[in-house]
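# Overview (structure and organization)
Spelled out from the first residue to the last, the chains are:
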Amino acid sequence: MNPFSYVAPTDAVEALAALGDHESNGMALGAAKFIAGGTNLLDLMKENVMRPARLIDINGLPYERIEETASGGLMLGALARNADTAYHPAVRSRYPLLSAAILAGASPQLRNMATNGGNLLQRTRCYYFYDSTVPCNKREPGTGCSAIGGLSRQHAILGASEHCIATHPSDMCVALAALGAIVHVQSPSSSRQIPFADFHRLPGDRPDQDTHLAFDELITHVELPEARGFAGHSVYLKIRERASYAFALVSVAAALELAEDGSIRQARLALGGVAHKPWRDTEVEQALMGAMPSEPVFAKAADALLRTAHGQGANDFKIPLAHRAIVRALSLAVQGTVTNTGERLNGEESV
Ligand SMILES: Cc1cc2nc3c(=O)[nH]c(=O)nc-3n(C[C@H](O)[C@H](O)[C@H](O)COP(=O)(O)OP(=O)(O)OC[C@H]3O[C@@H](n4cnc5c(N)ncnc54)[C@H](O)[C@@H]3O)c2cc1C
Ligand code: SF4
């Protein structure tokens with residue numbers, strides 16, 4: 001690990017000011033970095049992939065709470081721990097999709113440490129990104145992509161570019177995408193809100209940039225809009241190499257609001273493990289509206305969501321796997337929410 005300085009501010013102004021000296025570095029390896037739970041950043045520092053000259057410990061900032069919003073939603077503090085978020089009574093009852101997605105990830109120890117803000121900014125698990133002896137455009141722009149033509153079993157089937165085929169590893173983010181969350185951020189001069197769909201980016205010719213967050217912006221909160229009718233029919237289905245403690249090969253966040261006649265009033269559908277960002281297509285969701293749930297209807301939605309899917313050979317299997325997972329997740333959602341403890345809510349609202 002390289003030498004670095006350490007500061008522990010107690011408010012956002014101080015934390016953002018601590019970036020100042022390093023502003024000219026921008027995205028450079030030596031740029032100052034916020035550290036929250038440290039479960040990803042410290043690993044990357046130990047592997048020499050990230051080399052911040054200064055760590056700004058933000059754990060003393062007042063963003064650890066989960067609070068009601070005036071519009072009937074929830075405001076998740078960026079420093080609330082993943083475990084506290086998943087087990088919060090309001091999240092479990094009104095956003096069981098989010099709770100289940102968080103608990104499908106990592107291990108209890110990691111979830112106790114990891115924060116909501118850090119989860120959004122965790123970096124890809126591409127093997128080559130962690131190996132600083134091989135070319136990687138995300139780690140060192142312009143060096144090439146070792147995954148193209150290399151080991152690509154875990155890599156993207158949607159939205160990839162000739163410069164990078166990495167996937168975003170988060171489970172939590174797939175549910176946040178489906179729920180239409182909003183990311184609240186603060187810079188030294190202003191604050192802004194970023195719709196979740198615009199937060200992460202596709203690799204294009206700048207795979208070194210995972211998100212649209214500026215280097216001098218701090219995530220303060222993640223807002224969940226009002227829950228609508230999704231709580232009773234939502235499922236997070238994660239397909240992975242082993243039953244726990246593994247990243248998704250493919251995951252599906254599916255949430256349905258059903259009308260009294262059983263037809264679909266609203267649908268939400270997002271995929272994880274398949275692209276550089278959680279993959280959601282609102283046109284596919286709109287096409288489900290008004291339909292009576294059935295396997296052929298869900299298969300058509302899967303066809304549409306995967307219409308541009310393209311494999312690298314070793315990960316071609318992800319395309320039919322994602323198709324079957326979408327149909328299965330939507331079919332399970334019709335029957336009722338599967339909670340984070342595996343309980344079936346039989347279509348009743350869990351509130
Ligand atoms: C062995 C292992 C298995 C895992 N398995 C899974 C899994 O199956 N599914 C899954 O989803 N995740 C998994 N994870 C990843 C884990 O969820 C993330 O490491 C964690 O969420 C990161 O949060 P953190 O607070 O520790 O972030 P940190 O490591 O502290 O920070 C990560 C990045 O976010 C930045 N940052 C943090 N907070 C803020 C903020 N408020 N504003 C601006 N920038 C900020 C930091 O500068 C850093 O660049 C696994 C991790 C490990 C080590
Ligand atoms: S897929 Fe992306 S992260 Fe992986 S080696 Fe290629 S450029 Fe690097």
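Structure first, text after, so check above.
Notes on the structure in this doc start here. Please read these numbers as outputs of a predicted model, since none were measured by experiment. (Residues numbered from 1 in each chain as written. Chains lettered and ligands numbered in written order. Predicted model: local features only at pLDDT ≥ 70, side-chain atom pairs only at ≥ 80, totals over all residues. Heavy atoms only, no water.)

## Observations regarding the site of ligand 2
We count it as follows: To be near a molecule or strand, a residue needs just one of its heavy atoms within 4 Å of it. Definitions used throughout: a 1 Å grid over protein atoms alone; a cavity as a set of points that fits a 1.4 Å probe which cannot get out; a pocket as an open set with protein on both sides within 12 Å along at least five of seven lines; a lining residue as one with an atom within 4 Å of a point. What decides whether a molecule sits in a cavity or pocket is whether more than half of its atoms lie within 2 Å of the grid points. Side-chain classes follow a simple rule in which Ala, Val, Leu, Ile, Met, Phe, Trp, Tyr, Cys and Pro form the nonpolar group, Asp, Glu, Lys and Arg form the charged group, and the remainder, Gly included, forms the polar group.
Contacts to ligand 2 come from 14 residues, most closely from Cys126, Cys136, Cys145, Cys164 and Ile165. In this structure, ligand 2 is accommodated by the second largest cavity. Per-class residue counts for the shell around ligand 2 are nine nonpolar, four polar and one charged.

## Things to note about helix H10 (residues 295-305)
Helical geometry: 3.6 residues make up each α-helical turn, so side chains three or four residues apart lie on a common side. To keep it simple, the criterion reads: Think of it in three bands: residues with accessible area under 20% of the maximum for their type are buried, residues over 50% are exposed, and the middle band is partly exposed, with areas taken using a 1.4 Å probe on protein chains only. Helix and strand assignments come from DSSP, with helices taken as H or I runs of at least 4 residues and strands as E runs of at least 2, each series counted from the N terminus. Taking the helix axis as origin, the arc is that swept by the directions to the C-beta atoms. It only takes one pair of heavy atoms within 4.5 Å for two residues to be counted as in contact.
Along H10, the residues classified as buried are Phe298, Ala301, Ala302 and Leu305. End-on, the buried residues of H10 take up no more than an arc of 100°, which puts them together on one face. In H10, those exposed residues whose orientation departs by more than 90 degrees from the buried face are Pro296 and Lys300. As for H10, its buried residues are in contact with strand E10 (248-258), strand E11 (264-272), strand E12 (279-280), helix H9 (282-288) and helix H11 (318-335).

## A few points about the sheet that holds E10
Put simply, the test is: Pairing between two strands requires that DSSP report at least two bridges joining them. Axis definition: a line fit to C-alpha positions, over the contact stretch in the case of helices; interaxial angles, taken between N-to-C directions, run 0 to 180 degrees.
The four strands lie next to each other as E9-E10-E11-E12, forming an open sheet whose pairing is antiparallel. Looking along the sheet, the strands with just one partner apiece sit at the ends: strand E9 (234-240) and E12. Where E9 meets E10, seven bridges bridge the pair, whose relative direction is antiparallel. Across the sheet, the residue bridging to lysine 238 is serine 251, located in E10. Where helix H5 (residues 96-103) meets the sheet, its contacts fall on E9 and E10, and the angle it forms with E9 comes to roughly 20°. The strands touched by H11 are E9, E10 and E11; relative to E10, the strand with the most contacts, the crossing angle is about 30°.

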